[in-house]
Amino acid sequence: MNLQIKSFDEYKRVYDYSVNEPENFWAEIASSFTWKRKWDKVLEWNFKEPNIEWFKGATLNITENCLDRHLENNADTPAIIWEPNDPEEDHRVLTYRQLHDKVCQFANVLKNNGAKKGDRVCIYLPMVPELAIAVLACARIGAIHSVVFGGFSAQSIADRINDASCSLVITADGGFRGNKDIPLKDIIDDALVQCRSVNKVIVLTRSRAAISMIKGRDVWWEDEIKKVETQGNPDCPAEEMDAEDVLFILYTSGSTGKPKGVVHTCGGYMVYAGYTFANVFQYQPGEVFFCTADIGWITGHSYIVYGPLSQGATNIMFEGIPTWPTPGRFWDIVDKYKVNILYTAPTAIRSLMSFGDEPLQGKDLSSITKLGSVGEPINEEAWHWYNEKIGKKQAPIVDTWWQTENGGIMISPIAGVTPTKPGYATLPLPGIQPVLVDENGKEIEGNGVSGNLCIKFPWPGIIRTTYGDHERCRQTYFSTYENMYFTGDGCLRDEDGYYRITGRVDDVLNVSGHRIGTAEVENAINMHSDVVESAVVGYPHEIKGQGVYAYVILGSSEHDKELTRKNILQTVTRIIGAIAKPDKIQFVTGLPKTRSG
């Protein structure tokens, strides 16, 4: 089977095949990847426990699929083009050969510092090529990476390191985001006060900020690379991994305060990330793909690192933000590198819309052939602006719906194949079987209906467990409705059978495309010494999609309310990170909460 679907009729035919013969369908897709040993069985599953195993008995290494297999014909193709935060700084280009060499080199650094197959490695780096190199180097030796977004606080990092018992941390002296300097190493130092499992910290030089280096624990990235170079053989054979071995843990907010470590495995995740990238974006050799996400989120894992590299794509990796130093930064990048496919968040689109047309003046966007949106449903106004101003009505928009737990895109138009409709994620990809159910779990048949969105059959990229707590995985995703994966989202299916996501139905907010548990924010607010109790809800926000609204009961009415408001914001920033700060805080005398909250 060709990995890419080329017409709507073909989509319908392939979709029917994928539902009627899912194992044969996925076996054919998986055959386009490199395996060390083929599978004995395509799929074994039940949603009750849950227990899901794809490509049972197969062995592989995902980095051979992302790097080694391209060396024969595409060694000199750019794999990563890095655009720095400061447009005055030089950009960097890494070809597939160069990226392969750097990954092998750093994989040997990891080994020299005691990392081995199965160890957990926390990565807290800015959006520089070394972040992709570190991720791939972990996968090369079979270590499990846990990337933490550079905006999280020391407490959030400590929680994640302790949950996974990480033995090694990879960070930088500092990073840049817009006009801000991020003191990454200082934040790691604060986190590690609480973390006994870490015995090595590898520090990359980026900002040249003054930092403390602890003898015996902290080493410089550059010094460790020199040691490997003097040892001679820079190659690092790829560790043979079982298809169901853990590839990475990625933490996501839950409806209870503690973050959940979503686990993805080597074989199924690889197949799903590569398949969805090739198909949804209809990627053609030589095209320049620009996903504006951070590798700290699942979008960056799947559509900056593993998906595009598995298909030999040329990828842009951007360190900065869309509005600095001017709100034309994205358009400068598109013009500079002749970007063909742009994949970004509705939050970024709405933010850029607010500056009007001036930032677009004099920017050549004619190279764009496909557009994508991710993180939250795109509202119609933003869809039309994106279509008219950026795509010039010539570039199909793929409005992609998926989650950290899914590994890759689930419901989306296929670029140039699926007829689109503003505000709709349209149709499921082949291999995905969505259903709408009522609150009792009864399937709602037909079109022109609404319900809770579930998936009734596994796909290769599905979550396998939550790290160290399988019961939590079962409770969260598989216990609400029998024999179904529950997405937590409400959904409308229109007369054409097109799906439109209507928002979370659990206690999780979607702020700028990032999921933040209300309980997590409430816990942070309640740590403030003056707060008795709080309740957090979402409200419509014209840029972020959803804003955070906090109702707070104070212990005494004597407080300076304005100062207390600022102090609460500072508390949330310290405990979770600035991303979770409430947009509005209203002081109240009572909350309509039940006894269970």
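Everything below is about the structure printed above this text.
Report on the accompanying structure. (Residues numbered from 1 in each chain as written. Predicted model: local features only at pLDDT ≥ 70, side-chain atom pairs only at ≥ 80, totals over all residues. Heavy atoms only, no water.)

**Some words on the overall build of the protein chain**
For the protein chain, the helix and strand inventory stands at 17 helices and 30 strands. Here the protein chain has a C-alpha radius of gyration of 23 Å; the compact-globule value for 597 residues is 25 Å, and the two agree. In terms of overall dimensions, the protein chain has C-alpha extents of about 70 × 65 × 55 Å along its principal axes. Expressed as a percentage of its 597 residues, the buried residues of the protein chain come to 61%. (Helix = DSSP H or I, 4+ residues; strand = E, 2+ residues; numbered from the N terminus. Rg over C-alpha atoms; globule rule 2.2 N^0.38 Å. Buried < 20%, exposed > 50% of the residue type's maximum accessible area, 1.4 Å probe, protein only.)

**Considering the sheet that holds strand 30 (residues 584-587)**
Hydrogen bonding along the main chain pairs the strands of a sheet, whether they run parallel or antiparallel. Spatially, 3 strands are ordered 28-29-30 in an open sheet, and the strand pairing comes out mixed. Pairing within the sheet leaves two strands with one partner each, and these edge strands are strand 28 (531-541) and strand 30. Averaged over all neighbouring strand pairs, the angle between strand axes comes to 25 degrees, with direction disregarded. The pairing of strand 29 (residues 545-554) with strand 30 spans 4 bridges and is classified as parallel. Each residue of the ladder has a partner; that of valine 552, found in strand 30, is phenylalanine 587. Relative to strand 28, helix 16 (residues 518-526) is tilted by about 140 degrees, and along the sheet it contacts strand 28 and strand 29. (Pairing = 2+ DSSP bridges. Axes fitted to C-alpha atoms, helices over the stretch in contact; angles between N-to-C directions. Contact = heavy atoms within 4.5 Å.)

**Some points on helix 10 (residues 266-280)**
Each full turn of the α-helix corresponds to 3.6 residues, which orients residues three or four apart in the same direction. Taking 1.5 Å of rise per residue, 15 residues should cover 21 Å, and helix 10 covers 21 Å from first to last C-alpha, within 8% of that figure. Judged by how many residues are buried, helix 10 sits mostly within the fold: 15 of 15 residues are covered. At the C-terminal side of helix 10, glutamine 282 shows a positive phi close to 50 degrees. (Expected span 1.5 Å × (residues − 1).)

**Observations concerning the sheet that holds strand 17 (residues 314-318)**
The strand order across the open sheet built from 7 strands is 5-4-17-16-18-19-20, with neighbouring strands paired in mixed fashion. At either margin of the open sheet sits one strand with a lone partner, and together these are strand 5 (92-95) and strand 20 (397-399). When the angles between neighbouring strand axes are averaged without regard to direction, this sheet yields 20 degrees. By the bridge criterion, 3 bridges tie strand 16 (residues 288-291) to strand 18 (residues 341-344) in an arrangement that is parallel. In the sheet register, phenylalanine 289 faces strand 18, and the bridge partner there is isoleucine 341. Packed onto the sheet, helix 5 (residues 96-112) meets strand 4 (78-83) and strand 5 and runs at close to 85 degrees relative to strand 5.

**Describing empty space enclosed by the protein**
Following the criterion strictly, the structure yields 4 cavities of 30 Å³ or more and no others. As a volume, the largest cavity reaches approximately 50 Å³. Together, Val147, Val148, Phe149, Phe152, Arg160, Leu250, Tyr251, Gly296 and Trp297 line the largest cavity. (1 Å grid on protein atoms, 1.4 Å probe; cavity = no way out; pocket = protein on both sides within 12 Å on 5 of 7 lines; lining within 4 Å. Points joined across faces, edges and corners; volume = space filled by probe spheres on them.)

**Notes on the pairing of strand 4**
With respect to burial, strand 4 is a largely interior element, 5 of its 6 residues being buried. Here strand 4 pairs with strand 17 via 4 bridges, running parallel. Looking at the pairing, glutamate 83 lines up with phenylalanine 318 of strand 17.

**Some thoughts on the packing of helix 10 against helix 11 (residues 298-310)**
Packing of helix 10 against helix 11 leaves a shortest axis separation of 8 Å and a crossing angle of 85 degrees. Put simply, helix 10 runs roughly perpendicular to helix 11. Two secondary-structure elements touch here, helix 10 through Tyr269, Ala273, Gly274, Thr276 and Phe277 and helix 11 through His301, Ser302, Tyr303, Tyr306, Gly307, Pro308 and Ser310. Split by residue class, the contact of helix 10 with helix 11 holds 6 nonpolar, 6 polar and no charged. (Parallel < 35°, antiparallel > 145°, perpendicular 65-115°, else oblique. Nonpolar A, V, L, I, M, F, W, Y, C, P; charged D, E, K, R; others polar.)

**A closer look at the packing of helix 13 (residues 346-353) against helix 14 (residues 380-390)**
Packing of helix 13 against helix 14 leaves a shortest axis separation of 10 Å and a crossing angle of 75 degrees. In terms of orientation, helix 13 and helix 14 fall into the roughly perpendicular class. Here Ile349, Arg350, Leu352 and Met353 of helix 13 come into contact with helix 14, specifically with Glu381, Ala382, Trp385 and Tyr386.

**A word on the side chain of threonine 466**
With respect to the helices, strands and loops of the structure, threonine 466 is situated in strand 23 (residues 465-466). Among residues more than four places away in sequence, those in contact with threonine 466 are Lys260, Gly261, Val263, Arg472, Cys473 and Tyr477.

**Focus: the nonpolar core**
One broad rule of soluble globular proteins: the nonpolar side chains tend to lie buried together. Residues Trp35, Phe55, Phe106 and Tyr306 are the most contacted members of the largest nonpolar core, which totals 174 residues. The contacts of phenylalanine 106, once residues within four sequence positions are left out, are Ile133, Ala134, Ala137, Ile170, Ile202, Trp221 and Ile225. By size, the runner-up hydrophobic cluster in this structure holds 28 residues, among which are Ile81, Ile349, Leu365 and Tyr386. (Core = buried A, V, L, I, M, F, W, Y, C linked by side-chain atoms within 4.5 Å.)

**Considerations on the environment of glycine 451**
If you trace the backbone, glycine 451 turns up in strand 22 (residues 449-455). Sequence separation between glycine 451 and glutamine 105 is 346 residues, and the spatial gap between their C-alpha atoms is 51 Å.

**Observations regarding helix 6 (residues 129-141)**
Here helix 6 is 13 residues long and its end C-alpha atoms lie 19 Å apart, about the 18 Å a rise of 1.5 Å per residue gives. When you tally the buried positions in helix 6, you get 13 out of 13 residues, the bulk of the element. In the segment just after helix 6, glycine 142 is the residue with positive phi, at about 85 degrees.

**Observations regarding the pattern of salt bridges**
Oppositely charged side chains are able to pair whenever their charged atoms sit close together. All told, the structure shown has 32 salt bridges when counted by the stated rule. Lysine 421 serves as the salt-bridge partner of aspartate 494, at 2.5 Å between the closest nitrogen and oxygen. Taken together, the positions of aspartate 494 in the loop between strand 24 (485-493) and strand 25 (499-504) and lysine 421 in the loop between strand 20 and strand 21 (434-437) put the pair 73 residues apart, joining distant regions of the chain. In the salt-bridge network here, residues are joined through shared partners; they are Lys41, Glu44, Glu53 and Lys56. (Salt bridge = Lys/Arg side-chain N within 4 Å of Asp/Glu carboxyl O.)

**Re the environment of serine 367**
Along the polypeptide, serine 367 turns up in the loop between helix 13 and strand 19 (370-373). The sequence separation of serine 367 and tyrosine 337 amounts to 30 residues, and the corresponding C-alpha distance is 9.1 Å. Those residues in contact with serine 367, other than ones at most four positions away along the chain, are Val334, Lys338, Val339 and Asn340.

**Some remarks on the packing of aromatic side chains**
Applying the stated criterion across every chain, the model contains 44 aromatic pairs. Judged by centre distance (5.4 Å) and plane angle (55 degrees), the rings of tryptophan 35 and phenylalanine 55 are tilted. With tryptophan 35 in the loop between helix 2 (22-30) and strand 1 (41-46) and phenylalanine 55 in strand 2 (residues 51-56), this residue pair connects regions lying 20 residues apart in the sequence. Assigned by exposure class, tryptophan 35 and phenylalanine 55 land together as buried. The interplanar angle of 55 degrees and the centroid separation of 5.2 Å between the aromatic rings of tryptophan 39 and phenylalanine 55 together place this pair among those described as tilted. Highlighted residues: tryptophan 39 in the loop between helix 2 and strand 1 and phenylalanine 55 in strand 2, separated in sequence by 16 residues. Looking at tryptophan 39, the relative accessible area reads 16%, which means it is buried. A network of ring pairs unites the aromatic residues Tyr17, Phe25, Trp26, Trp35, Trp39, Trp54, Phe55, Tyr272 and Tyr275 as a single cluster. When the ring centre of tyrosine 498 is taken as origin, the NZ or CZ atom of lysine 421, which lies over that ring, is 4.9 Å away. (Phe/Tyr/Trp six-rings, centres within 6.5 Å; stacked < 30°, edge-to-face > 60°. Lys NZ or Arg CZ within 6 Å of the ring centre and 35° of its normal.)

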